[in-house]
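# Remarks on the overall topology
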Amino acid sequence: MQLADILSSLFPAGHEITQADGLVTGWGRLDQQNRIDLIGIAGKTYPGVDEAIALAGHILSVARRPDSSPLLFLVDSGSQRMSRRDELLGLSEALAHLAKALWQAEHAGHRTVGLLYGGSAAGAFIATALACGSLVALPTAWPEVMDLPSMARVTKLPLATLKEKAETTPVFAPGLDNLLATGAIAEVWDPAASLNAQLAAFLAKPVSRDPRAQWGADRGGRPKAAMIAAEVERLALLHG
Amino acid sequence: MENLLYELKSTQTGGTRAVALVGVVASGNLEILLERREAPDRCVIEIATPAHGFAELWAAVTEDFAARAAAGGLRITINDGGARPDMVALRLAQGVRLMEKPE
Amino acid sequence: MTDPRTLRRSWYEESARGRLLHLLDADSFTEFLGPERRETSPHLSLFDLPRQFDDGIIVGAGRIDGRPVLVAAQEGRFMGGAIGEVHGAKLTGLLHAAAKMRRDIVILFDTGGVRLQEANAGELAISEIMRAVLEARSEGARVIGLLGGRAGCYGGGSLIAGCCSALVISEQGRLSVSGPEVIETNKGVEEFDSRDRALVWRTMGGKHRYLIGGADVFVEDDIAAFRAGAIAALQRPATLDPTVLQAEQTRLEHRLRHFGDAHDATEIWARLHVDDPREIPERDIAAFLTTANSHRENADAAR
C-alpha cells in the first residue's frame, strides 16, 4: 500500500502532511472531533543523525502540548545510515534521543503508535517502530535485524544453511511473521478494510507495561524471555 | 554438539564451598561449573563440545585429572569452546583449587 | 587518586566476573540466576554453538562505596558479548527491579550488539531494555554505564548506553552503532578503513566521545579507576524529564550546527579549541583531562 492510500484509509475525514528529505510530519482527523499527530520516515530513507534529531524535535513539541492526542509514527525506512560522519557525530546518542522523545510523548499522555507499512531494520527499527508504545503493521511490512546474505557473511554460514534453519524457528530471520511471533507487533491490520476503524478500535484498547515478552512466549517465538525477566526481578526484590 | 559423560573415582575434595565457576566459552577456552553434590569418592564430569570425535582425548584428560587431583564429591559440567587438553587440565585444576578455598 | 603502590589491573583485559569482583565492595555481591541455574540459550544448539551457563551476562546486587546497587556485567569474550534472548531478559528483569526498588544500577557494557543467531529476540530485548532503563530513571534510579571492554559497546548496546543517566569511558572504550567493518563492508574502504586503528579510535573511541559530550567521565584502563568513575557517576543527578530531554535536543542540534560538516575528529577537536588536536591520541591521561575538561562539550542535565 502506498503512503497516500494508507493516509486516505486512515483519515477519510481529512489529513495534512509535509514530506521533505524522507521525513513526514502532520496531522490526521480520526473523526470530526479528534485530530491525531503524524510523524514518519518514508521512501526507505536511512535515518542518520540529521533525521533522528529532526524527528525528535517534532516529537518533543507534541509531547509538550497539554492535550492527550495520540501520535502515529508511519515507518518505511532502511537501517540506520552507516557512515563515518554519522558515527563521528554520535549516531548512538541521536537514535537513543529519538527513542527517549517517543517515550516522553507516551509518558506525557500522547499515546505513540507505530504503523509499519514498509521496511525497517537494525538500529532504525529499534529507535523508531520499536520505540513506540505500541506497534502495528500492514502485511507489506518487512521488518528485519539484518538481511540473510549479510548475516551469512558475518556468521560465516552458507546462505542455504541459514534459509534452512529459518524454516524451523522465527528467532533470527527477517519478515513480519517472525517479528510477530517473537512479540514485536501487536496486530497486523487488513489493508482491504478501513484503516480508520482499525486505528480507532486499537486506540480504544487499554495500554499495559511492555507486553511484548509475554506475546513472544504466548506465540512461541521467545519461549524464555518473559519468565527469565520475571525470575530475575523476583530474586532482586527478594534480596532487597 | 557432542555430549560426553565420565564417572570416575577420586579422593575427596577439601573445603565447604558448594559451587564454583572458572573460564569462559570462547575459542580455545572453556567454562567449568563445579558443584559439590556427588558421593565423596566419586567425580562426575559432563562435557558439551562442538568438536566431534575427541572422546578418547577427553577420557584421557578426565581420568588423569581424577587420579591426580582431589575431585571426589564434585559434579563437574563443562561447556567447551574448543579448548586444547592443556587448557582443559588447567581449568580443572583451577576449579578444584577454587572449591577448596575458604569462602 | 589511585595509590601508586597499587598494581594497575586492566579493565580491558579482565573478565566480567573479575571486573565485578574489584568494582564492588568486598564480599558484597549476590548473583541472581547464577550459572548453577543453567538458564542457557534455547537457540544456540540449532547452530551447533556452545552455550554458556550465564548466557554471557552476570546480574546481581552489591555495594559500591557502601551504596547498594544492582549490577549487570557483559562477558565480551562469549559470542562477542552479543545480546540473545536470555542475556537480554536478565538485564530487563534487573531493570524492572531497579524501577520498583528505586535502586541505582550499574551496567558494565562489553557487547557487539544483537546476537545474530537470535537476532529478533536480541533486537526486542534491546528495545525492552531501553524502555526499562527509562522507567527506572523516571522512578529516580540512576543508570550508569561503564564502557571499556574488548568488544566495545556497539549496535543495540550503544542505544542502551544512550539511555543511561551517565557514562564512564576509558580510552580503550568504543561507542558506535555500526562497527568499522560493517561500515567498510556496506560503504567501501574509502568511507571507512576498518584496519586503520587510529581512525577507529578517533571516530568511536573514549577520548573523542568524552570531548564531544558522548560520555561523562573519562578514566584510565584500570579497575580501580572505573570504580572511582562509577562512584563519581553515581553522584550525578539522573532526572529524566521534559527539561532534560529538551536540553539534550538543544545540545544535539548545536553539535550538528557546529560540527556537522567536519570530516574528521581532529577537525572537531580543533573547533573545540583544543591545543594540538592531532596530539590528542598520544596525550597521557593527565594531560588529556586538563585539556579536555576546559574545552569539551558536556551533557550535564542533558542526557
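These figures come from a predicted structure and were not determined experimentally.

### So, the overall build of chain A
- Helices and strands together make up the secondary structure of chain A, namely 11 helices and nine strands.
- Relative to the globule expectation of 18 Å for 240 residues, the C-alpha radius of gyration of chain A, 18 Å, shows essentially globular dimensions.
- Every one of the 240 residues in chain A was classed for burial, and the buried ones make up 53%.

### Quick notes on the overall build of chain B
- On a plain count of helices and strands, chain B comes out with two helices and five strands.
- In sequence order, the secondary structure elements of chain B are arranged as β-β-β-β-α-β-α.
- Over its C-alpha atoms chain B spans a radius of gyration of 12 Å, differing by no more than 12% from the 13 Å that the globule rule assigns to 103 residues.
- Its C-alpha atoms give chain B principal-axis dimensions of about 35 × 25 × 20 Å.
- Expressed as a percentage of its 103 residues, the buried residues of chain B come to 39%.
- Look at the contacts in chain B between residues 6 or more apart in sequence, and 87% of them connect residues 24 or more apart.

### Focus on the sheet that holds strand β4 (residues 71-77) of chain A
Residue and element names in this part refer to chain A.
- The seven strands are arranged β1-β2-β3-β4-β5-β7-β9 in an open sheet whose pairing can be described as mixed. At either end of the open sheet lies a strand with only one pairing partner, and these are β1 (15-20) and β9 (187-188).
- In this structure, β1 lies alongside strand β2 (residues 23-29), joined through six bridges in antiparallel fashion. Within β2, the position partnered with Thr18 by the bridge is Thr25.
- Against the sheet, helix α2 (residues 49-64) contacts β2, β3 (35-45) and β4, and its axis sits at roughly 175° relative to β3.

### Section: the packing of helix α4 (residues 91-107) of chain A against helix α9 (residues 242-259) of chain C
- In contact at an axis separation of 11 Å, α4(A) and α9(C) are set at 150° when each is read in the N-to-C sense. Our classification of the angle between α4(A) and α9(C) gives roughly antiparallel. As α4(A) packs across α9(C), the resulting crossing turns out to be left-handed. For the pair α4(A) and α9(C), contact is made by A:Glu93, A:Ala94, A:His97, A:Lys100, A:Ala101 and A:Gln104 and by C:Pro242, C:Leu245, C:Glu248 and C:Leu252, respectively.
- Here the residues of the contact of α4(A) with α9(C) are counted per class, giving five nonpolar, two polar and three charged.

### Things to note about the interface of chain A and chain C
- Every contact between the two is made by 69 residues of chain A and, on the other side, 72 residues of chain C.
- Of all the secondary structure elements, the ones that give two or more residues to the side of chain A that touches chain C are α2, α3 (84-88), α4, α5 (122-127), α6 (148-155), α8 (176-181), α10 (212-219) and α11 (225-239) of chain A.
- With 13 residues, the top contributor of residues to the side of chain A that touches chain C is α4(A).
- Among the residues making up the side of chain A that touches chain C, the classes are represented as 39 nonpolar, 17 polar and 13 charged.

### Some remarks on the sheet that holds strand β4 (residues 105-109) of chain C
All names here are of chain C.
- Taken in spatial order, the seven strands make up an open sheet running β1-β2-β3-β4-β5-β7-β9, and their pairing is mixed. Edge positions in the open sheet fall to β1 (30-32) and β9 (217-219), since each of these has one partner strand only. With strand direction ignored, the average angle separating the axes of adjacent strands in the sheet is 25°.
- In this structure, strand β2 (residues 57-64) lies alongside strand β3 (residues 67-74), joined through eight bridges in antiparallel fashion. From the neighbouring strand, Ile57 faces β3, where its bridge partner is Gln74.

### Quick look at the domain arrangement of chain A
All names here are of chain A.
- Under the domain assignment, chain A is made up of domain 1 (3-207) and domain 2 (208-240).
- A straight line from the C-alpha centre of domain 1 to that of domain 2 covers 24 Å.
- Across the contact, nine residues belong to domain 1 and nine residues belong to domain 2.
- By residue class, the composition of the side of domain 1 that touches domain 2 is seven nonpolar, two polar and no charged.

### What about the environment of C:Met79?
Residues and elements named next belong to chain C.
- Secondary-structure assignment places Met79 in the loop between β3 and α2 (85-101).
- For Met79, a count of 28 C-beta atoms within 10 Å corresponds to the buried category.
- Sequence separation of Met79 and Asp275 is 196 residues, and the distance between their C-alpha atoms is 40 Å.
- Residues contacting Met79, with those up to four places away along its chain left out, are Gly56 and Arg115.

### Let's talk about the arrangement of the chains
- Contacts between protein chains span two pairs of chains, and they are most numerous for chains A and C.
- The two partners chain A and chain B share no contact, and the minimum distance between any of their C-alpha atoms is 15 Å.

### A few points about the packing of α2(A) against α9(C)
- At a closest axis distance of 10 Å, the pairing of α2(A) and α9(C) adopts a crossing angle of 150°. By the criterion of interaxial angle, the relationship of α2(A) to α9(C) is roughly antiparallel. When you trace α2(A) past α9(C), the crossing you get is left-handed. Contacts from A:Val49, A:Asp50, A:Ile53, A:Ala56, A:Gly57, A:Leu60, A:Ala63 and A:Arg64 in α2(A) reach C:Pro242, C:Leu245, C:Gln246, C:Gln249, C:Leu252, C:Glu253 and C:Leu256 in α9(C).

### Some remarks on unusual backbone geometry
All names here are of chain A.
- Its identity is not glycine, yet Asp21 carries a phi of approximately 55°, on the positive side.
- For Asp21, the position within the fold is in the loop between β1 and β2.
- For Asp21, a count of 10 C-beta atoms within 10 Å translates into the label exposed.
- For Ala122, which is not glycine, the phi torsion reads 55° and is therefore positive.

### Points about the nonpolar core
- Among the nonpolar cores identified, the biggest contains 195 residues, and A:Ile59, A:Leu98, C:Leu94, C:Ile105, C:Val133 and C:Val168 are the most heavily contacted of them.
- Taken domain by domain, the makeup of this core includes at least three residues from each of domain 1 (3-207) and domain 2 (208-240) of chain A.
- Beyond its immediate chain neighbours, meaning those up to four positions away, C:Val133 contacts C:Leu95, C:Val143, C:Ile160, C:Cys163 and C:Cys164.

Rules of the game
- Residues numbered from 1 in each chain as written.
- Chains lettered and ligands numbered in written order.
- Predicted model: local features only at pLDDT ≥ 70, side-chain atom pairs only at ≥ 80, totals over all residues.
- Helix = DSSP H or I, 4+ residues; strand = E, 2+ residues; numbered from the N terminus.
- Rg over C-alpha atoms; globule rule 2.2 N^0.38 Å.
- Buried ≥ 20, exposed ≤ 12 C-beta atoms within 10 Å, placed from the backbone.
- Contact = placed C-beta atoms within 7 Å.
- Pairing = 2+ DSSP bridges.
- Axes fitted to C-alpha atoms, helices over the stretch in contact; angles between N-to-C directions.
- Parallel < 35°, antiparallel > 145°, perpendicular 65-115°, else oblique.
- Left-handed = near helix turned anticlockwise from the far one by under 90°.
- Nonpolar A, V, L, I, M, F, W, Y, C, P; charged D, E, K, R; others polar.
- Domains from an automatic or database assignment.
- Core = buried A, V, L, I, M, F, W, Y, C linked by C-beta atoms within 7 Å.

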